[in-house]
Amino acid sequence: MKPLSRHTTNDSSKSYLERELVISLDDGGPMVGATMMALEMDHEDTRTLEGDKRRSQDESTIENHTTKYDTQYTTDKQIDDSASSVHSANVTLSNRPWYEFWKVKQETHTDPRNFSPFKKYLILLIVSLAGSTSPISTTVYYPALVTMQHYFNTTDTLMNASLSIFTFFTAFFPLIWASFGDVFGRRRIYLVSFLIAVVGSVCCAVSVNITMFIVFRGFSAIGSSSVMSMGAGTLADIFEPHERGKAFAWYTCGPLLGPALGPIIGGYLNQGLGWRSNFWFLSIFSCCIWITMFFFFPETWRPAPAPGAETSPVPGTENNNGSVKKKTKRLVNPLSALRLLLFPNITLAVSFVGVLFLVFYLLNTNFTRTYTIQYNLNSGIVGICYLPLAFGAMIGGISGGRISDRLYNKRVVQANGESTPEMRLGGPLFYIAIVLQMFAFTGYGWCVEKNLHFAYGLAFQFLVGVTIMFPNVVLSAYMVDCFRKKGASVTACNNFVRYCMAGVGSLIASDIVNAMGNGILFTVCGVALFLASGLILIIIRYAKKWQKLRECV
């Protein structure tokens, strides 16, 4: 057998499988036996033509059998692999209980930033509409505040408390939603939270006293607040930094449509069907958002792999070596997002936005009573009077996002491709908006104080909307740029501070305006905003230092 081994090793070009077949079929049969006889001949000159022909035929037979075996083996393996994958998919998708509808199959091998433009803007549209739920829930019953106060036989402070409790819950619970969303994904958190919002709105509609109403206002805020943090995280999932400002500008249109449409809808619903119809409307609207997300919203979140670790697409599926990766239990700290406030630039940014929302809600909360009592307007007309503020805010938000994108891209080119999030801040129009804020608040306050025609106050309201939302959108995009992988968490920090300040503003609005008057109050508010803008200059001044701090963590 030694000559056979030497011949197949040195002279044959056949595959490994063929050589194994030659050896393994050594049973004395004609296919291998004749070949072995020819190889074991000691003298070349004794070979006959018949022996040569027989060996040639035998070798051809071996090749045919070997090729057929290789082909059959490959085909069988492909079929087995395909069947195994189909079986795994069926086990994953078909054998789950009906109540686990929210466990969708993730497109784990697709980077959400590579989604088609249509898919990206569909997601943006859904998130924008969902983002309008909380502002609409806040403003829809602004024109009905006086009516509801008489119905519940309560004080204006307790009615303001219903606004404050909603705002405080909107401040706190996005922290929890963001922490869970950064671990379990966006889609399932949206579905759970909006179901809570539907239940809370229904209970508000059937409330029989002010206590029940305040409690379920807080409950509905828990549900509708999820998109206040995860909306920004969703956009960070699918948009690149150079296009994120534009996306944020359109995203803010949804939340800004709330102040625009909420009071109008609420005013005329209250006038025609009573105040309870406002909350039935919210129930239907939240339910429509839930259905839209269930059918059209994909999962955009992707888990970040640990350094040096092999990634597995979905927990519980097979790895490359065929072994099954077990699901790991993940403990979530619901307040982990607050750790981002340890970064100085984030602290300063949210502090400025907090002052912004404090004075904004002081104005918004007092607006209904001022235009209802002082100018003797009905609830429908008061709702329409919110339009200048809302349209101004939409213009400021959209222009702020676009201008910040343009400024960011221009500065990146000037820096030869190097970029930092702080490149989005500043610019002439940004600083002009800061200065105009002061004059807009001051002008509105003295128009109302001197009882001028209500149209003058509305003109200043429009200017307030433009100048408030311009820096708000820019700073929101900036904070997400600083922590893209934690976009939901950093936005939750922003919401926590600004809505806590907004809740304080709503709660003290009536008492402070009675004590100071509109003129002095809003003059102080304008000056406070101007002084607070110095925080942004500090962020720009220490940009490089704080960027190194972020990179070290």
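One can find the structure itself at the top, above this paragraph.
Quantities reported herein were computed from a predicted structural model and do not represent experimental measurements.

Across its full length, the chain holds 22 helices and zero strands. Per element, the accessible surface of the chain, about 26,400 Å² overall, is 64% carbon and sulfur.

Along its 22 residues, helix 17 (residues 428–449) runs 32 Å from first to last C-alpha, staying within 8% of the 32 Å computed at 1.5 Å per residue. At the C-terminal side of helix 17, Asn 451 shows a positive phi close to 55°.

Turning our eyes to something else, we now look at the environment of Phe 430. Mapped onto the elements of the fold, Phe 430 is located in helix 17. A residue is classified by how much of its surface remains accessible, and Phe 430, at 2% relative accessible area, is buried. Distance in space between the C-alpha atoms of Phe 430 and Ile 403 is 9.0 Å, their sequence separation being 27 residues. Contacts of Phe 430, omitting those with residues within four sequence positions, involve Phe 470, Pro 471, Val 474 and Ile 536.

A contiguous nonpolar surface patch, about 700 Å² in accessible area, is contributed by Leu 429, Ile 432, Val 435, Leu 436, Phe 439, Val 527, Phe 530 and Leu 531. When contributions to the nonpolar patch are tallied by element, the ones reaching two or more residues are helix 17 and helix 20 (518–532). In terms of residues, the nonpolar patch owes the most to one element, helix 17, which gives five residues. Take Phe 439: it is sitting in helix 17.

So, on to the packing of helix 17 against helix 20. Between helix 17 and helix 20, whose axes approach to 7 Å, the crossing angle comes to 175°. The angle between helix 17 and helix 20 places the two elements in the roughly antiparallel class. On the side of helix 17, the interface is formed by Ile 434, Val 435, Gln 437, Met 438, Phe 441, Thr 442, Tyr 444, Gly 445, Trp 446, Val 448 and Glu 449, while helix 20 contributes Asn 518, Gly 519, Ile 520, Phe 522, Thr 523, Gly 526, Val 527, Leu 529 and Phe 530.

Aromatic rings considered in pairs are described by the distance between their centres and by the relative angle of their planes. A full pass over the atoms with the stated rule returns 29 aromatic pairs. Each ring, one from Phe 213 and one from Phe 279, has its centre 5.3 Å from the other, and the planes form 80°; the classification is edge-to-face. Of this pair, Phe 213 sits in helix 10 (residues 210–224) while Phe 279 sits in helix 13 (residues 276–296), and the two are 66 residues apart along the sequence. With respect to class, Phe 213 is no different from Phe 279; both count as buried. Through pairs of rings, three or more aromatic residues link up here, namely Tyr 141, Tyr 151, Phe 152, Phe 213, Trp 275 and Phe 279. A cation sits over an aromatic face here: Arg 541 above Tyr 542, 5.1 Å from the ring centre.

To continue, consider the environment of Gly 503. Structurally, Gly 503 is set in helix 19 (residues 487–516). Residue Gly 503 is classed as buried on the basis of its relative accessible area, which comes to 0%. For Gly 503 and Phe 168, which are 335 residues apart along the polypeptide, the C-alpha to C-alpha distance reads 5.5 Å. Residues in contact with Gly 503, not counting those within four places in the same chain, are Ser 164, Thr 167 and Phe 168.

All right, on to the packing of helix 16 (residues 387–414) against helix 18 (residues 454–482) then. Following both chains from N to C, one finds helix 16 and helix 18 inclined at 30°, their axes separated by 6 Å at the closest point. Considering their axes alone, helix 16 and helix 18 lie roughly parallel with respect to each other. Viewed along their axes, helix 16 and helix 18 form a crossing whose handedness is right-handed. Its residues assigned to classes, the contact of helix 16 with helix 18 comprises 14 nonpolar, nine polar and no charged.

Applying the stated criterion across every chain, the model contains one salt bridge. Asp 405 is paired through a salt bridge with Arg 424; the nearest N and O atoms lie 2.9 Å apart. You can see Asp 405 sitting in helix 16 and its partner Arg 424 sitting in the loop between helix 16 and helix 17, a full 19 residues away along the chain. Residue Arg 424 is classed as buried on the basis of its relative accessible area, which comes to 1%.

Within the element layout of this structure, Asn 364 appears in helix 14 (residues 344–374). Not counting the four nearest positions on each side in its chain, Asn 364 is found in contact with Tyr 142, Tyr 386 and Leu 389.

Here the side chain of Arg 424 touches Ser 404 through a polar contact of 3.3 Å, side chain to side chain. Within the local environment of Arg 424, its side chain forms a polar contact with the side chain of Asp 405, the two groups lying 2.9 Å apart.

To continue, consider the nonpolar core. Formed by 114 residues in total, the largest nonpolar core has its most connected members in Tyr 141, Met 148, Phe 279, Met 293 and Tyr 371. With 15 residues, helix 14 is the single largest residue contributor to this core. In this structure, Met 148 is in contact with Tyr 141, Met 159, Phe 213, Trp 275 and Phe 279, ignoring residues within four places of it in sequence.

Turning next to helix 13. Look at helix 13: 31 Å from first C-alpha to last across 21 residues, which is about the 30 Å you get at 1.5 Å a residue. When helix 13 is considered as a whole, its buried residues turn out to be Ser 277, Asn 278, Phe 279, Leu 282, Ser 283, Ser 286, Ile 289, Trp 290 and Met 293.

Tracing the backbone through its elements, the reader meets Tyr 375 in the loop between helix 14 and helix 15 (379–384). Of the residues examined, Tyr 375 reaches a relative accessible area of 15% and is grouped as buried. C-alpha of Tyr 375 to C-alpha of His 453: the two residues are 78 residues apart in sequence and 8.6 Å apart in space. Those residues in contact with Tyr 375 that lie beyond four places of it in its chain are Thr 370, Cys 447, Val 448, Asn 451, Leu 452, His 453 and Phe 454.

Rules used throughout
- Residues numbered from 1 in each chain as written.
- Predicted model: local features only at pLDDT ≥ 70, side-chain atom pairs only at ≥ 80, totals over all residues.
- Heavy atoms only, no water.
- Helix = DSSP H or I, 4+ residues; strand = E, 2+ residues; numbered from the N terminus.
- Areas by Shrake-Rupley, 256 points an atom, 1.4 Å probe, with all protein chains shown as cover.
- Expected span 1.5 Å × (residues − 1).
- Buried < 20%, exposed > 50% of the residue type's maximum accessible area, 1.4 Å probe, protein only.
- Contact = heavy atoms within 4.5 Å.
- Patch = residues over 30% accessible without salt bridge, like charges linked within 9 Å, V, L, I, M, F, W, Y side chains within 5 Å.
- Salt bridge = Lys/Arg side-chain N within 4 Å of Asp/Glu carboxyl O.
- Axes fitted to C-alpha atoms, helices over the stretch in contact; angles between N-to-C directions.
- Parallel < 35°, antiparallel > 145°, perpendicular 65-115°, else oblique.
- Phe/Tyr/Trp six-rings, centres within 6.5 Å; stacked < 30°, edge-to-face > 60°.
- Lys NZ or Arg CZ within 6 Å of the ring centre and 35° of its normal.
- Left-handed = near helix turned anticlockwise from the far one by under 90°.
- Nonpolar A, V, L, I, M, F, W, Y, C, P; charged D, E, K, R; others polar.
- Polar contact = N/O pair within 3.5 Å; in protein donor to acceptor, adjacent residues only side chain to side chain.
- Core = buried A, V, L, I, M, F, W, Y, C linked by side-chain atoms within 4.5 Å.

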